[in-house]
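# Understanding the architecture of this molecule
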Amino acid sequence: MPQPWQDTSLSAQDRAAALLSSMTLEEKLAQLSSVWPGSEAEEGEDVAPLQHEVSEAVDLDDLLPHGIGQLTRPFGTAPVEPAEGAAALARLQARIAAGNRFGIPALAHEECLTGFCSWRATVFPTPLAWGASFDPALVGRAAELIGGSLRSAGVHQGLAPVLDVVRDARWGRTEESIGEDPYLVATIGTAYVRGLESTGVVATLKHFAGYAASRGARNHAPASIGPRELADVVLPPFEMAVRDGGARSVMHSYNDIDGVPSAANPWLLTELLRDTWGFTGTVVADYFGVSFLELAHRVADTRGGAAGLALAAGVDVELPAVRCFGTPLRDAIRAGEVDESLVDRATLRVLRQKCELGLLDPDWSPTPPALAEDAGPVDLDPPEMRAVARELAEESVVLLADDGDVLPLAPDARIAVVGPLADDPTAMLGCYTFPRHVGVEHPELPLGIEVPTLFAALRAELPGARITHAEGCAAPGPAASAGDAAGTGGAGGAVSAGAAALTAESRLAQAARTAADADVCVAVLGDRSGLFGRGTSGEGCDAADLELPGEQGALLDTLVATGTPVVLVLFTGRPYALGRWSGLLAAAVQTFFPGEEGGPAVAGVLSGRVNPSGRLPVSVPYAPGGQPWTYAQPPLGLRNDASSIDPTPLFPFGHGLSYTSFAWERPEADATDVPTDGETTVRLTVRNTGDRAGTEVVQLYLHDPVARIARPESRLIGYVRVPLRPGESAEVHFTFHADLASYPLGADGTRVVEPGALELRLASSSADSAVRHTVPLRLTGPERTVDHRRRLVCEARLK
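What counts and what doesn't
Residues numbered from 1 in each chain as written. Predicted model: local features only at pLDDT ≥ 70, side-chain atom pairs only at ≥ 80, totals over all residues. Heavy atoms only, no water. Helix = DSSP H or I, 4+ residues; strand = E, 2+ residues; numbered from the N terminus. Rg over C-alpha atoms; globule rule 2.2 N^0.38 Å. Buried < 20%, exposed > 50% of the residue type's maximum accessible area, 1.4 Å probe, protein only. Contact = heavy atoms within 4.5 Å. Areas by Shrake-Rupley, 256 points an atom, 1.4 Å probe, with all protein chains shown as cover. Lys, Arg positive; Asp, Glu negative; His and termini not counted. Charge placed at Lys NZ, Arg CZ, Asp CG, Glu CD. Pairing = 2+ DSSP bridges. Axes fitted to C-alpha atoms, helices over the stretch in contact; angles between N-to-C directions. Expected span 1.5 Å × (residues − 1). Core = buried A, V, L, I, M, F, W, Y, C linked by side-chain atoms within 4.5 Å. Polar contact = N/O pair within 3.5 Å; in protein donor to acceptor, adjacent residues only side chain to side chain. pLDDT = per-residue confidence, 0-100. 1 Å grid on protein atoms, 1.4 Å probe; cavity = no way out; pocket = protein on both sides within 12 Å on 5 of 7 lines; lining within 4 Å. Points joined across faces, edges and corners; volume = space filled by probe spheres on them. Nonpolar A, V, L, I, M, F, W, Y, C, P; charged D, E, K, R; others polar.

## Notes on the overall build of the chain
Along the backbone of the chain there are 22 helices and 28 strands. Here the chain has a C-alpha radius of gyration of 27 Å; the compact-globule value for 799 residues is 28 Å, and the two agree. Each principal axis of the C-alpha atoms in the chain carries an extent, and together these give about 80 × 75 × 55 Å. The 799 residues of the chain split such that 60% are buried. A sequence separation of at least 24 residues applies to 80% of the contacts in the chain between residues at least 6 apart. About 28,000 Å² of surface is accessible on the chain, with carbon and sulfur atoms providing 50% of the total. Each charge class in the chain can be summarised by its mean position, and for the 63 positive and 102 negative side chains these summaries are 3 Å apart.

## Remarks on the sheet that holds strand β15 (residues 587-592)
Pairing is mixed across the open sheet formed by 6 strands, whose spatial order is β10-β15-β14-β13-β11-β12. Two strands close off the open sheet at either side, each with one partner strand: β10 (398-402) and β12 (466-470). The mean inter-strand angle of the sheet, taken between neighbouring strand axes irrespective of direction, is 15°. With 5 bridges connecting them, strand β11 (residues 414-418) and β12 associate as parallel partners. From the neighbouring strand, Ile415 faces β12, where its bridge partner is Ile467.

## Description of helix α5 (residues 82-99)
With 18 residues, α5 ought to run about 26 Å at 1.5 Å a step, and its terminal C-alpha atoms sit 26 Å apart, in line with that. Taken residue by residue, α5 has Pro82, Gly85, Ala86, Leu89, Ala90, Leu92, Gln93, Ile96 and Ala97 as its buried positions. Close packing links the buried residues of α5 with α4 (60-63), β2 (70-72) and β3 (107-111).

## Focus on helix α13 (residues 303-313)
Along α13, the residues classified as buried are Gly304, Ala306, Ala307, Gly308, Ala310, Leu311 and Ala313. Turning to α13, the residues buried within the fold contact α11 (266-276), α12 (289-295), α14 (327-334) and α15 (340-356). Positive backbone phi, at 130°, marks Gly314, one or two positions downstream of α13.

## Re the nonpolar core
Counting residues in hydrophobic clusters, the biggest one holds 152 residues, and the most contacted among them are Phe208, Phe325 and Val698. Contacts of Phe325, omitting those with residues within four sequence positions, involve Leu29, Leu32, Ser33, Val290, Ala307, Ala310, Leu311, Val315, Asp316, Val317 and Glu318. Of all hydrophobic cores here, the second largest spans 38 residues; its members include Val397, Leu454, Leu458 and Leu606.

## Comments concerning the side chain of Ser613
Secondary-structure assignment places Ser613 in the loop between α22 (598-607) and β16 (662-664). Among the residues examined, Ser613 registers a relative accessible area of 5% and is labelled buried. A distance of 3.0 Å separates the side chain of Ser613 from the side chain of Arg721, its partner in a polar contact. Dropping the residues within four chain positions of it, Ser613 is found in contact with Glu395, Val397, Thr695, Val697 and Arg721.

## Notes on the confidence of the model for the chain
Scored by pLDDT, the chain has a mean of 94; 95% of the residues are at 70 or more. Confidence drops under pLDDT 50 across residues 479-499; counting only partners more than four residues distant or on other chains, this segment forms 17 contacts.

## As for the layout of surface pockets
By volume, the second largest pocket is sized at about 870 Å³. Considering the residues around the second largest pocket, the lining is formed by 40 residues, among which Arg167, Pro182, Glu229, Asp232 and Val233 are closest to the centre. Listing elements by their share of the lining of the second largest pocket, those giving two or more residues are α8 (182-197), α9 (227-234), α10 (236-243) and β21 (715-724). Top element by residues in the lining of the second largest pocket is α9. It accounts for 4 residues. When its residues are assigned to classes, the lining of the second largest pocket shows 20 nonpolar, 6 polar and 14 charged.

Put into structure tokens, the structure is as follows:
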């Protein structure tokens, strides 16, 4: 007869409570931590901060009798064939369930920021490219496919999306973020959450909160932000993903805000997240985040003390391995230093989630769907996933500048493809893709997926063209060995500095000759992703400024000096300053680590097969200094005569060109006097006036002329993609609710909607010059106080 916790007719809460009441303290604690199989055997570089300094070997046999809460990265720690990985996980799950008296299996989690972070799995574009697409529906579809892939292999929880709003693009994890605007981050991120959760996989929101607002853009650094910036910029994406997206897990961030680490902040993790927003899932620690309360923040002097602070704040699960929530926490409880009720609270949440996932059902099986008898071969990179990866990559390509003379490339042109990333597949891949995250520690291993380079993709795209190639300079990255600098791959031993310099000079000369002998030069530059200083972009790869990394600026100067028209193509994880070349390039194309199909996607844009429709999710600066800056500034944050520094970007947030043209007719509003609790609909007709199909991205910004606190000059509150054939038109409808004009008046986060004048700006970017039409509004009636139940989204639709 099934035990009460196995009775599926009962609620998950009741089942979990019945199981909790039968557990010993040791059994409850076992559900609050994880084990990281194989991590101690990996002798390479860290893939988590201080991994090898903090990690400790565990004896699985000693842990099994009490149970195991989670399994950390069973696929993403070392390369494994998909079928073998699924089978190994199934065997381990069977062993875990058989090893404890309740038959409780572990919950397995994996990284999934750009797809299932496993060998041979599809690599989708990085989140900054999601933002460039301005296409929540497509991002949601990608998340559905990612979730299905995870679930088929036996993984229950995905550690994505990252909802940190970019505050300073020098931050290494800019590539993992969706953009600099909280509304774009919120809507795109929520779409990803819905997609992942629709497959039954638990989405984990990262990193709660303020992580991207670190001082000096340094990873893990404290955040110096006030309560209004926290309420208006940092928190809205998490709020929307919890309330509208249904996320079932949240990961705390590493930073502290005003001296309070997120992992020890009860206001953040309990009062706001649970009591106000109504979150009912699990809060998991960022890797070693509980230990860092003792080792880094120094707000605890023992492991047990760190565990007690985290539990009291609202952290339910210690990841990636048991260090504080095991014996140290048990001893602290028995010494009366930590209340056991905190353990009960966290364990109940964990068990309830396991019930929801079917892990406590009587018919649970460790065999995942991918290994079912009729499942066929395990394929983590099927055609359907590659097709969506290609579509998302194509939509994310941003045409920054175009003089109209070179692009699209002529099919019979002489094309010089120059740059260290032109024929490098890793140019497409961010730091949380398996090849750049783990694969770099296995140089003997093939990528496991097909990743065409831009050089190869252009040759396939334009078979009638004469296409040549030159590297021009060394690949960007941390200081290379002398052998690498000499172009010998590092295996040839040391060479003199003079020889290395001569080689660099000869590379530039070869690149100049190659460009001079062509009709057009495609300069392919950007970042090399990595972790903790092993790349120019990625976690722990923060930048001192926004100059193009390495020798690439000098290479671009050399190519421009040849007189051959230069088309700049950037594969990067952040924006870089391009003002030095303003007006000197025939065209400029920006893409943000576009994934395994990025090469063909960019080649399609260059050939004209794809009409670019990407828009900048982050501003492109004119100069490498003057950071941090984002577009949503109050008046004193904009250019003015009080400072000699002009922060105006070269290309603003939301900017992007097309090969066709669009006309925007004068908009109409249902009403221009709107109650402070009312709404109005604005209608705009957009027409394709060019000779080819294309997609316009209509953006709606709000301008508040006068408020009681300094407000951004404008901020995005709505957007929609409008695909049109030549001569075709569509009517765009935006439903604006007065709640969207609310702002945090009090330092306690109290939000108000006040009566008075507003202006809606229909624009093609955040720049004043891009405003096509304005709609004046007046909010009427009494001032209103609003809370988390306010309207968060401006509904946009095409008619």
